[in-house]
Amino acid sequence: MTQTLAAATMAAYRRAAGCIAVITLTNPPVNTLSYLLRESFYETFRRANADAEVKAIVICGADGKFCGGADIKEFAGKFSGPSLVALIDDVEQSKKPVVAAIEGMALGGGLELALGCHYRIAHTKAQVGFPEVTLGLLPAAGGSQRLPRLITLTSALELITTGRRISAPEALKLGIVDKVTDKNALDMAIDFARDIIGKPLESRRLSLRTTPCPPDVESFLDEALASIRKHSRGAIAPLACLQAVRASVYSTFDEGLKKEQELFKMLLTSGQARALQYSFFAQRATKKWSMPSGATWKNTSARPLRKAAVIGLGTMGRGITVALIKAGIPVIAVEMGLKQLEAGKTVIMSMLEKEFKKKQLTKAYREMAAFTLDLAKLQEVDLVVEAVFENMSLKKQIFQQLSSLCSADAILCTNTSTLDIDEIASVTTTPHLVVGMHFFAPAHVMKLLEVIYGPRTSPTAVATAMQLAQQMEKVGVVVGNCNGFVGNRMFKLYAEQAYFLLEEGAIPEQVDQVLEDFGFPMGIFKVSDLSGLDIEWKIRQEQGLTGPKQIPGGSFRHRAGGRYSPLLDILCERGYLGQKTGQGWYLYEKPGGRVPTFNLWLHKFLEEYRELHGIQKHYVGQDEILERCLYPLINMGFHILEERIAASPEDIDIIYVFGYSWPRHWGGPMFYASMVGLPRVLDKLNYYHEIHPDIPTLEPSSLLKKLVANGSPPIGTWGAFIKEHNSKL
Ligand SMILES: CCCCCC/C=C/CC(=O)SCCNC(=O)CCNC(=O)[C@H](O)C(C)(C)COP(=O)(O)OP(=O)(O)OC[C@H]1O[C@@H](n2cnc3c(N)ncnc32)[C@H](O)[C@@H]1OP(=O)(O)O
């Protein structure tokens, strides 16, 4: 195995145009600078430098990809082999001109290597960037010192602290690359190298330059610090990146390198870096889906999608239509009434117009939407997405119609967020082609797509939905069928605990602050006001928890076998629906207002409510808020794993990072649990369950107990404690 790898991984050497040495970084799939590649590069570069016949050197990457950076897997172990810092120094110090031929991508260590070269020629379609910050790190092979010496401090800081990847034309504008070509970048680099033989190189060595600064650099850096603090949601890497760039301003190159290394070592051992790197691989692992039947991404083909239909042009249907069109799939958009159709059409066309401007899409995109009241048109489509209200009988009625109207092999998708896929499929003649596609609002923006299979859903339907997710540039995660699937089933407990905390003595401001300090962009009550309290109210009504269809039994504060908080129902009954009515958990300046302020009425009401129901108010501290909101959600994650609704903890974590804005530097709920320590999560759940025996969801799941009893093994091995091994890492 090592030999096969060694054979494939190398810095291949050849001569071109007589006197040019071409070194090709070869380490499929993305030519990462792994230990073996660094070793080979060290030898090869020395050889090129030593060969008197070689007058210039060109570095390129195999298979049209310059370099994807360091091998992230190596960050978990000990570094060995030649250091990248030293290799890049060799390159920069070379007396022969060295030219980077950038095709595909030059990312992280790959861009650092290119910055060590004296010139950079890129293909128009190549992308460059320093994504290290998204992995909890910083560019640590001189990148944080060389980039600010090459381009403006503002741009260098932005690229390093955000990890934004840029196109070659933008890199040319900023001065990162010297030339861009839409022809063969390697050929151009070889020609270019030949032309510069013998020219002085001193000014091309970035380590010899000083960082060009704006006039008041100190206040510039202070403002940058304040802005990073505000936007980083508790992530430490952006701040370390700023410190490194700061060193490039105030220190010599060598001192700056030292600072860079110091900061890198601090970050590398941090939990946040582990979480972010876990998240990188977890995101890629979701593509490797499997179903309990044994069907997988490898053994199942997706159907080609030439045309799709969307039924229901409310908020979700509109976003889905735009998402499909952006992915290049023409859509027939269907509504039941003319008024709704016209309203939907107006909004969709204006959304497409915006997308058209933003992404410079061609005019054809705007012409890919057809609008109709005529369901007979559905005969033409390969896939339908139903996006009507969350009402089982309405959905069943539509699927019954679809079954007779659509072609026999059309994939029938429902954008339900909670309802039983199998019950919906049961009214069709093709239940194997029915699949859940749970989009998140706004559907043309949010990256997550939960793909739900029922017991009769065919692998082909799942593969097609997953392919569609990819085509729409979304992260698809395949999950099993249950109430709320993965995301909402867990979220329900998070919200429920927040309501209980209000009943027990907390206030919305306090709960939201703790959640925002943890790293959520908005606390639960602000989210609830933004989405509208009535959304959850309707779901509760559908579930028979409140309203006219309320299932008999239970009491005011106890329903469906456990404690129930009617606070949200009461607010809705009194017209407190959130931002749209100008009042919810917070007050807003006007209906539709966006700035939350203290809701005096709510605070008085909570006091009265507690008194009326004899609830003993207690001080709710930060730890309790965080633990009560997060641990039951995590506990449900363990139930979901046990029931094999999610195939792996990575899938759950990706759903939370991409669908629920879980701070990525905490990895996701399951990874967070592993960081906090499973025994602690278990103890706290036991503790809270003892105090609140009427909240059954606080009772620890048997999988959590089993994992703790087995010494809390690492997350990648949890699958061994479920019936079948599910972890994909
Ligand atoms: C003491 C001083 C030490 C200094 C060390 C210097 C520090 C350097 C820092 C770095 O360079 S950190 C790495 C920076 N690079 C990145 O973050 C790039 C990450 N990769 C990507 O963004 C994408 O993979 C890509 C390169 C744009 C390619 O995208 P594409 O969609 O074509 O393929 P993927 O499915 O994403 O990837 C294919 C395959 O390759 C694996 N992979 C990709 N990049 C890396 C990497 N840098 N390290 C390890 N593995 C990588 C990825 O996981 C996929 O694997 P799979 O098994 O097929 O799922």
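Parameters at a glance
- Residues numbered from 1 in each chain as written.
- Predicted model: local features only at pLDDT ≥ 70, side-chain atom pairs only at ≥ 80, totals over all residues.
- Heavy atoms only, no water.
- Patch = residues over 30% accessible without salt bridge, like charges linked within 9 Å, V, L, I, M, F, W, Y side chains within 5 Å.
- Areas by Shrake-Rupley, 256 points an atom, 1.4 Å probe, with all protein chains shown as cover.
- Salt bridge = Lys/Arg side-chain N within 4 Å of Asp/Glu carboxyl O.
- Lys, Arg positive; Asp, Glu negative; His and termini not counted.
- Charge placed at Lys NZ, Arg CZ, Asp CG, Glu CD.
- Helix = DSSP H or I, 4+ residues; strand = E, 2+ residues; numbered from the N terminus.
- Buried < 20%, exposed > 50% of the residue type's maximum accessible area, 1.4 Å probe, protein only.
- Phe/Tyr/Trp six-rings, centres within 6.5 Å; stacked < 30°, edge-to-face > 60°.
- Lys NZ or Arg CZ within 6 Å of the ring centre and 35° of its normal.
- Near = heavy atom within 4 Å.
- Polar contact = N/O pair within 3.5 Å; in protein donor to acceptor, adjacent residues only side chain to side chain.
- Nonpolar A, V, L, I, M, F, W, Y, C, P; charged D, E, K, R; others polar.
- UniProt positions renumbered as here; feature names shortened; annotations may be inferred.
- Pairing = 2+ DSSP bridges.
- Axes fitted to C-alpha atoms, helices over the stretch in contact; angles between N-to-C directions.
- Contact = heavy atoms within 4.5 Å.

### As for a positive patch on the surface
So, point 1. Taken together, the side chains of Lys73, Arg165, Arg284, Lys287, Lys288 and Lys298 define a basic patch exposed on the protein surface.
So, point 2. Here Lys287 shows up in the loop between helix H12 (271–285) and strand E10 (308–311).
So, point 3. What makes Lys287 partly exposed here is its relative accessible area of 47%.

### Comments concerning the packing of aromatic side chains
So, point 1. Applying the stated rule across the entire model yields 28 aromatic pairs.
So, point 2. With centroids separated by 5.7 Å and ring planes inclined at 45 degrees, the aromatic side chains of Tyr494 and Phe520 adopt a geometry described as tilted. Taken together, the positions of Tyr494 in helix H19 (residues 487–504) and Phe520 in the loop between helix H20 (508–518) and helix H21 (524–531) put the pair 26 residues apart, joining distant regions of the chain. The pair Tyr494 / Phe520 is uniform in exposure class, with both members buried.
So, point 3. A cation over a ring is seen here: Arg628 above Tyr688, with NZ or CZ 5.9 Å from the ring centre.
So, point 4. Sitting above the plane of the Tyr687 ring, Lys684 keeps its charged end 5.6 Å from the centroid.

### Here we look at the site of the ligand
So, point 1. The immediate surroundings of the ligand are formed by 27 residues, with Gly68, Ala70, Gly109, Arg165 and Arg284 found nearest.
So, point 2. Contact between the ligand and Gly109: an oxygen atom at 2.8 Å from a main-chain N or O atom of the residue.
So, point 3. Taking Lys288, its side chain carries an N or O atom lying 3.1 Å from an oxygen atom of the ligand.
So, point 4. Relative to its unbound accessible area of 1,100 Å², the ligand is 77% covered by the protein chains.
So, point 5. Elements with a contribution of two residues or more to the shell around the ligand: strand E5 (105–107), helix H4 (109–116), helix H11 (253–268) and H12.
So, point 6. Among the elements that line the shell around the ligand, the one with the most residues is H12, at three residues.
So, point 7. Classifying every residue of the shell around the ligand gives 14 nonpolar, six polar and seven charged.

### Description of the pattern of salt bridges
When the charged atoms of two side chains lie near each other, side chains of opposite charge can form a pair.
So, point 1. Applying the stated criterion across every chain yields a total of 35 salt bridges.
So, point 2. Here Arg306 ties to Asp382 by a salt bridge, and the two come within 2.9 Å at their closest N and O atoms. One end of the pair, Arg306, is in the loop between H12 and E10; the other, Asp382, is in the loop between strand E12 (369–372) and strand E13 (383–386), with 76 residues separating them in the sequence.
So, point 3. Its relative accessible area of 60% is what places Arg306 among the exposed residues.
So, point 4. We note a salt bridge from Lys326 to Glu355, for which the minimum N-O separation is 3.4 Å. Taken as a pair, Lys326 in helix H13 (residues 315–326) and Glu355 in helix H14 (residues 338–359) lie far apart in primary sequence, 29 residues in all.
So, point 5. With relative accessibility at 26%, the residue Lys326 sits in the partly exposed group.
So, point 6. Relative accessible area serves as the criterion here: at 4%, Glu355 is assigned to the buried category.
So, point 7. Bridged by salt links that share partners, the residues Glu504, Arg563, Glu624, Arg628 and Asp694 form one connected network.

### Re the UniProt feature "domain: 3-hydroxyacyl-CoA dehydrogenase C-terminal" (unreviewed entry) in the protein
So, point 1. Per the UniProt record, "domain: 3-hydroxyacyl-CoA dehydrogenase C-terminal" (unreviewed entry) is annotated on residues 484–588 and 625–712.
So, point 2. Helix makes up 67% of residues 625–712 and strand makes up 0%, while its end C-alpha atoms are separated by 25 Å.

### As for the sheet that holds strand E1 (residues 10–16)
So, point 1. Pairing is mixed in the open sheet, where six strands are placed in the order E1-E2-E3-E4-E6-E9. The sheet terminates laterally at E1 and strand E9 (179–181), the two strands that pair on one side only. For this sheet, the mean angle separating the axes of adjacent strands, direction not counted, is 20 degrees.
So, point 2. As judged from the three bridges shared by strand E3 (residues 56–61) and strand E4 (residues 98–102), these two strands associate in the parallel manner. Across the sheet, residue Ile57 finds its bridge partner in E4, namely Val98.
So, point 3. Across the face of the sheet, helix H2 (residues 35–50) comes into contact with E1, strand E2 (20–26), E3 and E4 while running at roughly 25 degrees to E1.

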